[in-house]
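Here is how the chains run, residue by residue.
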Amino acid sequence: FVTNYLLGKLQPGYGNYVYASAHDTTDQIENQTRLHRFATRDELTGLRNRHALESDIESLLQLSNRYDEELSTIMFDLDHFKSVNDTYGHDAGDEVLKTLARESEKILRTSDYLYRVGGEEFLILLPKTNLIGAEIVAEKLRFAIESVDFPIVHKLTISLGVVEHLQSESLRQLMIRADKALYEAKNQGRNKVVTHQANKTQRTKMIEWHDEFNCGVSELDLQHQTLIQKGNELIELNGINAPKDQIDEILNQLYGLI
């Protein structure tokens, strides 16, 4: 089945006549489609990539914030994947990742979003799903992957971190909490699901920049705004009990500005 795209133009002529013209835009449309897919899809697995995540999450967070719609996230990765590459080679590792992607898609609803966000790291967005529902999905996925017969390596497991989006929480904050839950799952022995629950009414007071703070020297004003931005990042990280290394990274950036 072949689809052709035509761009047409109509204009009135003399009497009862109308002039029409059209030209074939199939190549142009198909090139645009290929470019969009290349930009938003992971080349190896065919899943959405991090660029697509940043695009998709914007509308989902707006719905969650405006209408208080539930939105949960599962972050997961393969346990001991490095040993797969070291023992069997990267080609075998690639086959494992492709199998993991296919098997994970089978578990999810058509309304869910699955991304490959790193080497062996994946993320799922679950619209209209609370923390309990997301934990059920995560356990179902964990059990399914544990039962898969992977190419060459046969048996592998995954660890999963589960969080529910908080009102006015940014993608960065959401990812930090999901990553922390995943880290805890690894620490607890792997092949586990760990949830990170936070107070939905929790609000963090941020530092706001006001025009009266301007001193009139653009370079100094920019430096002061950057200091406040980094200070707010520290407040965010502290409010969600982020890992120490992430807090230290922002602190080092602050020290470099002083």
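Look up: the structure comes first, before these words.
Residues numbered from 1 in each chain as written. Predicted model: local features only at pLDDT ≥ 70, side-chain atom pairs only at ≥ 80, totals over all residues. Heavy atoms only, no water.

Q: Which parts of the structure should I look at to understand the pairing of strand β4 (residues 113–116)?
A: Walk down a regular strand and you will see the side chains alternate between the two sheet faces. Sheet topology note: the β4/strand β5 (residues 121–127) ladder contains 4 bridges and is antiparallel. Pairing of R116 across the sheet is with F122, part of β5. Once β4 ends, the chain turns through 4 residues before running back antiparallel as β5. (Pairing = 2+ DSSP bridges. Helix = DSSP H or I, 4+ residues; strand = E, 2+ residues; numbered from the N terminus.)

Q: Looking at this structure, I do not really get unusual backbone geometry. What am I missing?
A: Keep in mind that most residues, glycine aside, have a negative phi and that most peptide bonds are trans. The phi dihedral of H80 falls on the positive side, at around 55 degrees, and the residue is not glycine. With relative accessibility at 51%, the residue H80 sits in the exposed group. Look at N191: it is not a glycine, yet its phi comes out positive at around 55 degrees. Assignment of secondary structure puts N191 in the loop between α6 (171–187) and β7 (193–196). (Buried < 20%, exposed > 50% of the residue type's maximum accessible area, 1.4 Å probe, protein only.)

Q: Help me understand the packing of aromatic side chains in this model?
A: Here a ring pair, both rings aromatic, is described through the centre-centre distance and the interplanar angle of the planes. Considering all chains together, one arrives at 2 aromatic pairs under this definition. With a centroid separation of 5.4 Å and an interplanar angle of 15 degrees, the aromatic rings of F76 and F122 are classed as stacked. Remark: F122 occurs in strand β5 and F76 occurs in strand β3 (residues 71–78); sequence separation between them is 46 residues. Across the pair, exposure class does not vary: F76 and F122 are buried alike. With 6.4 Å between their ring centres and 5 degrees between their planes, Y113 and Y115 make a pair best called stacked. Assessed through its relative accessible area of 21%, Y113 is described here as partly exposed. (Phe/Tyr/Trp six-rings, centres within 6.5 Å; stacked < 30°, edge-to-face > 60°.)

Q: Whenever I open this one, helix α2 (residues 50–67) confuses me. Can you help?
A: For α2, spanning 18 residues, the distance from its first C-alpha to its last is 25 Å, which sits close to the expected 26 Å at 1.5 Å a residue. Of all the bends in α2, the largest measures some 30 degrees and sits at I57. Taken together, the buried positions of α2 are A52, L53, D56, I57, L60, L61 and S64. Where α2 starts, the residue carrying a side-chain oxygen 3.1 Å from the main-chain nitrogen of H51 turns out to be N49. After α2 finishes, the residue D68 shows a positive phi value of roughly 55 degrees. (Expected span 1.5 Å × (residues − 1). Bend = angle between axes of the 7 residues up to and from the residue. Polar contact = N/O pair within 3.5 Å; in protein donor to acceptor, adjacent residues only side chain to side chain.)

Q: Hey, could you run me through the packing of helix α4 (residues 90–107) against helix α5 (residues 131–146) in this one?
A: Pairs of packed helices are described in terms of their axes, by the angle between the two and the distance that separates them. Contact geometry of α4 with α5 gives a least axis separation of 10 Å together with a crossing angle of 140 degrees. Here α5 runs oblique to α4, going by the angle between their axes. α4 and α5 meet at a crossing whose hand is right-handed. Residues L100, E103, S104 and I107 of α4 touch α5, and the partners they reach there are V137, K140, L141, A144 and I145. Here the residues of the contact of α4 with α5 sort into 6 nonpolar, 1 polar and 2 charged. (Axes fitted to C-alpha atoms, helices over the stretch in contact; angles between N-to-C directions. Parallel < 35°, antiparallel > 145°, perpendicular 65-115°, else oblique. Left-handed = near helix turned anticlockwise from the far one by under 90°. Contact = heavy atoms within 4.5 Å. Nonpolar A, V, L, I, M, F, W, Y, C, P; charged D, E, K, R; others polar.)

Q: Teacher, can you tell me more about the side chain of T40 here?
A: Within the fold, T40 resides in helix α1 (residues 26–40). Taking the relative accessible area as the measure of exposure, T40 reaches 13% and is therefore buried. Apart from the residues lying within four places of it in its own chain, the contact partners of T40 are L47, R48, N49, H51 and A52.

Q: Help me understand the sheet that holds strand β6 (residues 158–164), please; the structure alone is not making it clear to me.
A: Note: strands within a sheet are paired through backbone hydrogen bonds, in either parallel or antiparallel orientation. The strand order across the open sheet formed by 5 strands is β4-β5-β3-β6-β7, and the pairing between neighbours is mixed. Each end of this open sheet is capped by a strand with a single partner; those strands are β4 and β7. Pairwise comparison of adjacent strand axes, ignoring direction, gives a mean angle of 20 degrees for this sheet. When β3 meets β5, the two strands line up antiparallel, connected through 7 bridges. Directly across from S72, in β5, lies its bridge partner L126. On top of the sheet, α4 reaches β3, β4, β5 and β6; it is set at about 150 degrees to β3, its chief contact. Against the sheet, α6 contacts β3, β5, β6 and β7, and its axis sits at roughly 140 degrees relative to β6.

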